[in-house]
Amino acid sequence: MKPKILIIEDEPAITETIRYALETDGFETHCLSSGMPVISLLAKEAIDLIILDIGLPDINGLELCKEIRKAHTLPIIFLTARADEVDRVVGLEIGADDYVVKPFSPRELSARIKAVLRRTQQPAVAAPSNQAFQLDESKRQISYFGTPVELSRYEYNLLKILIHRPGQVYSRDQLMELAWDEPDASMDRTVDAHVKNIRSKLKTIKPEIDPIITHRGIGYALKEDL
Ligand code: CA
């Protein structure tokens, strides 16, 4: 099975260079020249990784990444043209897995893709690591060791983010960005308050386990070996 790479880039020459290099390296490619169609494409195609240009005609790539992250955890590598964009990719922690600055060599991009896929594609480990939690997105319901947990809207959003990537450390800013409709950096403490509530609710179900790890000064992660 060839890994499927989605290239979202509005400059045809760059798209073509990337497409050629990746197909030569054994990847299957899909190409989009604007951002918004990605949402419907992801609903019907099993894409393994997205290469996402930041400067798109219809939506900023950083905003698009946030949209994608609401429903998908697949790895995303950004193409950036400017140093200040790199600062935003790295600083905002919007869920990028890597970035490449233009102009780049297709060979370098291909190597980055392979590295990210190696790092993120561990189905044998990832699947059982989540056994403690069951997520039903259509009902906005999370169960913990088989017991449904009564969660508020933001508690649900937060826990869902943590469940999607066990072991990944999320900063408070990042959780705020991902879980809140109108993120407000000054409300940093709100994340702490919600995590505290989630913990106490989970504790009533399994008092002997605390599945959420606090990384002091940084943020939170879900325990990997649950
Ligand atoms: Ca562009």
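Just so it is clear, the structure is predicted and the values come from calculations on it, not from any experiment.

Let's talk about the pattern of salt bridges
Move 1: Scanning the entire structure with this criterion turns up 18 salt bridges.
Move 2: Close ionic contact of Lys4 with Glu45 constitutes a salt bridge, the shortest N to O distance being 3.2 Å. Taken together, the positions of Lys4 in strand S1 (residues 4-8) and Glu45 in the loop between helix H2 (38-44) and strand S3 (49-53) put the pair 41 residues apart, joining distant regions of the chain.
Move 3: Asp25 is the partner of Lys114 in a salt bridge, and the nearest nitrogen-oxygen pair spans 3.2 Å. Taken together, the residues Lys114 in helix H5 (residues 106-120) and Asp25 in the loop between helix H1 (12-24) and strand S2 (28-32) connect sequence positions 89 residues apart.
Move 4: Owing to a relative accessible area of 34%, Lys114 belongs among the partly exposed residues under this scheme.
Move 5: Owing to a relative accessible area of 38%, Asp25 belongs among the partly exposed residues under this scheme.
Move 6: Through salt bridges with shared partners, a single ionic network connects Glu9, Glu11, Asp53 and Lys102.

Notes on the nonpolar core
Move 1: With 26 residues, the main nonpolar core has Phe133, Leu159 and Leu175 as its most contacted residues.
Move 2: Those elements that place two or more of their residues in this core are strand S7 (141-144), helix H7 (153-164), helix H8 (172-179), helix H9 (188-205) and strand S11 (219-222).
Move 3: When residues in this core are grouped by element, the largest group, 7 residues, is from H7.
Move 4: The residues contacting Leu175, other than those within four sequence positions of it, are Leu158, Ile161, Leu162, Tyr170, Trp180, Val191 and Tyr220.

Re the sheet that holds strand S6 (residues 133-136)
Move 1: Taken in spatial order, the 3 strands line up as S6-S7-S8 in an open sheet, and their pairing is antiparallel. Every other strand in the sheet has two partners, leaving S6 and strand S8 (147-149) as the edge strands with one partner each. Adjacent strand axes in the sheet meet at a mean angle of 30°, parallel and antiparallel pairs treated alike.
Move 2: Pairing geometry for S6 and S7, over 4 bridges, is antiparallel. Bridge assignment links Gln134 to a residue of S7, and that residue is Ser143.
Move 3: H7 rests against S6 and S7 of the sheet, and its axis sits at about 120° to S6.

Rules of the game
Residues numbered from 1 in each chain as written. Predicted model: local features only at pLDDT ≥ 70, side-chain atom pairs only at ≥ 80, totals over all residues. Heavy atoms only, no water. Salt bridge = Lys/Arg side-chain N within 4 Å of Asp/Glu carboxyl O. Helix = DSSP H or I, 4+ residues; strand = E, 2+ residues; numbered from the N terminus. Buried < 20%, exposed > 50% of the residue type's maximum accessible area, 1.4 Å probe, protein only. Core = buried A, V, L, I, M, F, W, Y, C linked by side-chain atoms within 4.5 Å. Contact = heavy atoms within 4.5 Å. Pairing = 2+ DSSP bridges. Axes fitted to C-alpha atoms, helices over the stretch in contact; angles between N-to-C directions.

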